[in-house]
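Read off the chains here:
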Amino acid sequence: MAKGKETARKMIAQHKRARHDYHILDTYECGLVLTGTEVKSLRQGRASLVDGFAQLDGGEAWLHNVHIPEYAQGTWTNHSARRKRKLLLHREELDKLIGKTQESGLTLVPLALYFKEGRAKVEIALARGKREFDKRQTLREKQDRREAERAMSAARRKQRA
């Protein structure tokens with residue numbers, strides 16, 4: 001593969017609510033250790049990150065509660081839908097995460113699950129939970145931006161006519 005060439009992501013699942021519920025401090029791209037039927041199920045675009053979280057245990061990162069449904073054509077070799085899956089990170093990234101998650105209030109949340117160059121990847125975020133007033137303020141800012149964009153586009157349309 002040529003240097004600097006952009007690789008396409010084939011998105012499988014996103015956790016849109018995570019950006020609403022958490023302040024995202026830092027993001028990491030991780031590989032996943034999966035079984036064959038899990039990969040086949042993901043290739044069909046079936047997964048849910050809603051209840052998922054990552055945990056550091058014994059110097060390793062694990063992804064919990066991510067729902068990858070059983071593969072329809074699978075046999076007795078099928079996987080369990082919510083099993084914990086190992087995350088693949090570089091040692092220096094793991095050490096950095098171990099130090100930061102020991103701070104109070106920080107957690108690891110999966111944001112997206114996708115294929116990159118044929119390999120399943122998950123984007124996890126180091127995040128701090130938002131309080132209720134933070135969520136309301138974020139929604140208010142988003143609504144204000146949307147209204148300002150509408151007003152500007154209306155003014156542009158009026159100016160052209």
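This text goes with the structure placed above it.
Residues numbered from 1 in each chain as written. Predicted model: local features only at pLDDT ≥ 70, side-chain atom pairs only at ≥ 80, totals over all residues. Heavy atoms only, no water.

## A short note on the pairing of strand 7 (residues 119-129)
In this structure, strand 2 (residues 22-32) lies alongside strand 7, joined through nine bridges in antiparallel fashion. Paired with H23 across the bridge in strand 7 is R128. Here strand 6 (residues 106-116) runs beside strand 7; their pairing, made up of 10 bridges, is antiparallel. Bridge pairing in strand 7 links V109 to A125. The loop that links strand 6 with its antiparallel partner strand 7 comprises two residues; one of these, E117, has a positive phi angle of about 55 degrees. (Pairing = 2+ DSSP bridges. Helix = DSSP H or I, 4+ residues; strand = E, 2+ residues; numbered from the N terminus.)

## Some remarks on unusual backbone geometry
We note that N65 has phi near 60 degrees; this positive angle belongs to a residue other than glycine. Relative to the assigned elements, N65 resides in the loop between strand 4 (60-64) and strand 5 (85-88). We note that E117 has phi near 55 degrees; this positive angle belongs to a residue other than glycine. By the secondary structure assignment, E117 is in the loop between strand 6 and strand 7.

## A look at the nonpolar core
Counting residues in hydrophobic clusters, the biggest one holds 25 residues, and the most contacted among them are L42, L87, L113, V122 and I124. Only strand 1 (9-14), strand 2, strand 4, helix 3 (91-101), strand 6 and strand 7 provide two or more residues apiece to this core. Residues within four places of L113 in sequence aside, it is in contact with M11, I12, A13, L32, L42, A47, L49, K121 and V122. (Core = buried A, V, L, I, M, F, W, Y, C linked by side-chain atoms within 4.5 Å. Buried < 20%, exposed > 50% of the residue type's maximum accessible area, 1.4 Å probe, protein only. Contact = heavy atoms within 4.5 Å.)

## Re the environment of C30
Residue placement: C30 occurs in strand 2. The class for C30 is buried, based on a relative accessible area of 0%. Along the sequence, C30 and L87 sit 57 residues apart, while their C-alpha atoms lie 6.0 Å from each other. Discounting residues that sit within four places of it in the chain, C30 has contacts with L87, L88, L89, A120, K121, V122 and I124.

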